[in-house]
Amino acid sequence: MTIRPFAQSLIAVILLLTLLVSACVAPPAAPAAATLAPPTAPPPTVAGTNALTTTTATLPITAATTIQTPTLMSGFVLGGLSISTTVTGLPMPALGITENVASPIEYVRTVVAMKNQEQTSTGPMAFDAQGNIYLGDDLKATISKYDSQGKFVLAWGSYGSANGQFAFTVPSGQPPNSGYLAIDSHGNVYVSDTHNSRIQKFDGNGHFLLSWGQPGSGDGEFNVTTGIAIDRADNVYVGDQGNYRIQKFDSNGKFLTKRGSQGQGNGQFTTPNVLAMDSQGNLYVGDALGHHVQKFDSNGRFITKWGSEGAGDGQFGIVDGLVVDQQGQVWVSDESSRFQVFNPDGKFVGQWVFPVTADGRKPYVFVRAVDAQGQVYIEHDLANATDTGLQYMFISVFRPRGAAAAPASTSLMTTTNALTTTTSQTETSPVVFVRKLDTSAHPVAFTEKNDFWIWVAVDHQDNLYVSDVGNNRIQKYDRNGKFVTLWGSKGSGDGQFQFAGPDGDYGPLAVDSQDNVYVADAYANRVQKFDSNGKFLAAYPITAAKTNSSLGPLTVDKQGVMYVATDTLVEKLDPNGKSLGMLGSTGSGDGQFEQGGPVVFDQQGNLYANDWARIEKFDRNGKFLLAWGSEGTGNGQFSFATQTAFDSHAHLYVADAGGRTFHNQRIQVFDPNGKYLGQWNNPGNGDGRFKFLGSIAIDTQDNIYVPDSGTGTIYVFRPRH
């Protein structure tokens, strides 16, 4: 579809740079050739009352003014670029932003104010995990990169169809379409090369890596590529506008699946235009001329849809901007003077309307990007009085009311080995709290003692299974946290459980490659097997447990072999329940266990087993490789390593619960060789805090499920990759 022209290409490049200097930091000096006199405009004036704050900023631009950085901040020198644009005309109009403190949307600051002389087109914007920002220039057909302090780093691209060239605009001179950008977890840049009907992939320094797609309607072919989104597994979703569908690829461009057809029904599209992904792996698609937003899960199943043509709450004109913030709220612009915010189910939360200026200039608003702090960048354009072309452009930052402010003078993220470390308020946790599971309809039993553990496991559809040990039952929830079913009661029959006993209350569970559920019936010395809906399938006695008091955690490998922990041993059973012997032996040496613990496998088939206050690693044949950890509270030490799980980036998460001497109540993160990477240490009451930590599970989208046995709460986190 065609999109209205925007600011001149040169100013489009400046836009990103000035955006990043939203914190008033004294900038580095630029080369002499690029050093120009900074603007002398005073800072914005602020006036306010208890209930209403009005911020008015005026940047005077008069005849023969040479602009270096047309922004509300002063003293910043444009790094790496020599700018000599001269503009003439009347002073820019004041930007009046009026904020009601009761609004769910909070204005943060205006970071860019500029006057445009020509009618051209701005381009897409995207942030990487290190705070670098990439800006596409639709007219020049280039991508520019700036670091987190606003310094120009590099640019690449030109108009054409060769590798590294782009066709964001139509050669005939018709109004241009916008390009689209997305960044994966490794910092690679994916560009939706609209009129070449292809996707190009570059590394973070602009080096061409690969491309895929050509004009057509077959799998992997496109009829004008539009929006692009990337999930936590680095799968790439592409809007295929003229074919009325969304296509899904792996990070190397291999076609995986597609969804959609022409129409207005559920899962159908008129003009799939903008795409966004939430932290749960759900995909949101803004349909420009369909006037609605649709939501799908990561397998392409339709979840919900909202919107119709109009100007009311929850109605849309042409949907042209879409992002999801860290709270899961969906921000939408529709080529009008407002943006709207919705909850993940499409319920209207609020809106922000920009009024027509006193001199008759009409505003147009575009949702552009969301940064690592969840702040949303909104472009606000003003046409001239006759609405025949863009004259002024602003970029303002908004966020959900009450969200924490981004650091004022530092990079948005500090990383170590791609994972941020923390133990204090001045550092950043390796995980981000997302939400807690709603178990109000079927409350999970809890008690404030160290030997009462709620267990969790996930299947390959990202359904969550909760071992509700206090009620001797298993609960199942879908990927969106919706209750599905439950089964079990106290007893010794098939489908009944004996989780409570003298050594504590335990109900470990695991899921195999076919999504069958295995439950360690702790005090009945058996493992029971169920299908994913709770139908009883089989029961297997555990020989090693006959001289021990209870069963511990269990795991099932890809071949269906079960690993069941007891007090001092880990027993292996084939898929029919026949014992295959023990992993290791009793003791404290290499390959031995003082306390047989849970087992987890990495992608290479290596096995990791917890042994009280250490982790032991074995190869796929059971040969001991290495061990790390000891009792204590330091980094890499444990009070009691209760359960482990890997994310998609091969980071090993260890639940470090209350033990014999120490009560750490934290999650530690390691690489596959035991190198400490970070931790989440937040004991206490409140969302994301732990009273009694026990188990941990991670789904295919890297959502981390952690139950707190002291409150009966299931928390959901995600890595801060």
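Our structure is the block above this text.
These remarks concern the structure in this document. (Residues numbered from 1 in each chain as written. Predicted model: local features only at pLDDT ≥ 70, side-chain atom pairs only at ≥ 80, totals over all residues. Heavy atoms only, no water.)

### What about the overall build of the protein chain?
Along the protein chain, the regular secondary structure elements total one helix and 57 strands. By the burial criterion, 59% of the 721 residues in the protein chain qualify as buried. Residue pairs in contact within the protein chain that sit at least 24 positions apart in sequence constitute 52% of those at least 6 positions apart. As displayed, the protein chain has an accessible area near 26,500 Å², and 49% of this comes from carbon and sulfur atoms. (Helix = DSSP H or I, 4+ residues; strand = E, 2+ residues; numbered from the N terminus. Buried < 20%, exposed > 50% of the residue type's maximum accessible area, 1.4 Å probe, protein only. Contact = heavy atoms within 4.5 Å. Areas by Shrake-Rupley, 256 points an atom, 1.4 Å probe, with all protein chains shown as cover.)

### Remarks on the pattern of salt bridges
On inspection of all chains with the given rule, the structure shows 13 salt bridges. A salt bridge links Asp611 to Arg614; the nearest nitrogen and oxygen atoms lie 3.0 Å apart. Grouping residues by exposure puts Asp611 and Arg614 together as buried. One salt-bridge network, in which partners are shared between bridges, spans Asp297, Arg301, Asp462 and Arg479. (Salt bridge = Lys/Arg side-chain N within 4 Å of Asp/Glu carboxyl O.)

### Notes on the packing of aromatic side chains
Tallying each qualifying case throughout the model produces 34 aromatic pairs. Seen from their ring centres, Phe638 and Phe670 are 5.8 Å apart, and the 50° between their planes marks the pair as tilted. In this pair, Phe638 sits in the loop between strand S50 (624–628) and strand S51 (641–646) while Phe670 sits in strand S53 (residues 663–670), placing the two residues 32 residues apart along the sequence. A residue is classified by how much of its surface remains accessible, and Phe638, at 0% relative accessible area, is buried. For Phe670, a relative accessible area of 1% corresponds to the buried category. Over the ring of Phe296 we find Arg259; its NZ or CZ atom is 5.5 Å from the centre of that ring. (Phe/Tyr/Trp six-rings, centres within 6.5 Å; stacked < 30°, edge-to-face > 60°. Lys NZ or Arg CZ within 6 Å of the ring centre and 35° of its normal.)

### Considerations on the sheet that holds strand S21 (residues 292–296)
Read across the open sheet, the four strands follow the order S19-S20-S21-S22; overall the sheet is antiparallel. Whereas interior strands pair on both sides, the edge strands pair on one side only; in this sheet they are strand S19 (272–277) and strand S22 (302–306). Across this sheet, the average inter-strand angle for adjacent strands is 20°, counted without regard to direction. As defined by bridge partners, S21 adjoins S22 across four bridges and the pair is classed as antiparallel. Across the sheet, residue Val293 finds its bridge partner in S22, namely Trp306. (Pairing = 2+ DSSP bridges. Axes fitted to C-alpha atoms, helices over the stretch in contact; angles between N-to-C directions.)

### Remarks on the side chain of Asp611
In this structure, Asp611 sits in strand S48 (residues 607–611). Discounting residues that sit within four places of it in the chain, Asp611 has contacts with Gln592, Phe593, Glu594, Gln595 and Glu616.

### Considering the environment of Ser513
In this fold, Ser513 is placed in the loop between strand S37 (509–511) and strand S38 (517–521). Ser513 gets classed as partly exposed once you look at its relative accessible area, which sits at 37%. Residues Ser513 and His460 lie 53 residues apart in sequence; the distance between their C-alpha atoms is 7.5 Å. Once you skip the residues sitting within four places of it in the chain, Ser513 turns out to touch His460 and Lys558.

### Here's the deal with the nonpolar core
With 30 residues, the main nonpolar core has Ile474, Leu509, Val519, Ile615, Phe638 and Leu652 as its most contacted residues. Aside from chain neighbours lying at most four places away, what touches Leu652 is Val600, Tyr608, Ile615, Trp628, Thr644, Ala645, Phe646, Gln668, Val669 and Phe670. Core analysis: the next-biggest nonpolar cluster, separate from the first, contains 24 residues, Ile230, Val236, Val293 and Phe342 among them. (Core = buried A, V, L, I, M, F, W, Y, C linked by side-chain atoms within 4.5 Å.)

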